[in-house]
Amino acid sequence: MTLQAVLFDLDGTLADTALDLGGALNALLAHHGLAPKAMEEIRPVASHGASGLILLGAGITKDHPEHNRWRQEYLAEYERCFDCDTVLFDGINPLILALNKRGLQWGIITNKPKTFTDRLVPKLGFAIPPATVVSGDTCREAKPSTLPMLYACQAIGVAPENCLYVGDAERDMLAAKNAGMTAVLANWGYIADTDAPEQWLQDYAIDTPLDLLTHL
């Protein structure tokens, strides 16, 4: 492999979005007269998006007849606070600068809807803007599908086998490996005690963003 680009998940990998995601959940729960969830409960499922958070807060699964209504209500709450407390994880900007110094492109592949990604990413203060941003609804399928991965590669003109993908969820590792990328697990991300990351398909795991440099 000739490494040419490093691509990242957003929530739980580049940015700590759990406070805003959780704030939206608790606002929704309050609206329905339900008890709030502690951040300790929210953080491990924050990468699972609206559906995962609704399941945590109200026990409503994707096949529940009220799921779509709850999801729309959740997204309306998130609209009010999506950029209030979200920040980059420590070490992300130094990592991006180091990648740039090595002549590597970097980009984002997230399952977050484009309506939020397009507004949030410019506000996060990246030292160098991403070469590409692929949202959850950019392609007809989101991760763990390989479509977003291949779309990003085409956008930056790099073959998948020359890309490294960093994420904090099993679907990230599946999407990366199935697309032919090197898959790297971000151990600082939103990984639950009930997860079994040792069984996921990553090529290796790192504990901090700058640890990635030791593997390049």
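Quick note: structure is the one above.
Procedures and definitions
Residues numbered from 1 in each chain as written. Predicted model: local features only at pLDDT ≥ 70, side-chain atom pairs only at ≥ 80, totals over all residues. Heavy atoms only, no water. Salt bridge = Lys/Arg side-chain N within 4 Å of Asp/Glu carboxyl O. Helix = DSSP H or I, 4+ residues; strand = E, 2+ residues; numbered from the N terminus. Buried < 20%, exposed > 50% of the residue type's maximum accessible area, 1.4 Å probe, protein only. Pairing = 2+ DSSP bridges.

1. A few points about the pattern of salt bridges
Turning to step 1, where the next piece is worked out: Counted by the stated rule, this structure contains twelve salt bridges.
Turning to step 2, where the next piece is worked out: Between Lys143 and Asp9 there is a salt bridge, with the nearest N and O atoms lying 3.0 Å from each other. One end of the pair, Lys143, is in the loop between strand 5 (133-134) and helix 7 (147-156); the other, Asp9, is in the loop between strand 1 (5-8) and strand 2 (15-16), with 134 residues separating them in the sequence.
Turning to step 3, where the next piece is worked out: Overall, Lys143 belongs to the buried group, its relative accessible area being 4%.
Turning to step 4, where the next piece is worked out: With a closest N to O distance of 3.9 Å, Lys37 and Glu41 form a salt bridge.
Turning to step 5, where the next piece is worked out: Since its relative accessible area comes to 36%, Glu41 is described here as partly exposed.
Turning to step 6, where the next piece is worked out: One network of salt bridges, in which partners are shared, links Asp9, Lys143 and Asp172.

2. A word on the sheet that holds strand 6 (residues 163-167)
Turning to step 1, where the next piece is worked out: Read from one edge to the other, the open sheet built from six strands follows the order 5-4-1-6-7-8, with strand pairing classed as parallel. Two strands close off the open sheet at either side, each with one partner strand: strand 5 and strand 8 (204-206).
Turning to step 2, where the next piece is worked out: By the bridge criterion, three bridges tie strand 7 (residues 182-186) to strand 8 in an arrangement that is parallel. Each residue of the ladder has a partner; that of Ala186, found in strand 8, is Ile206.

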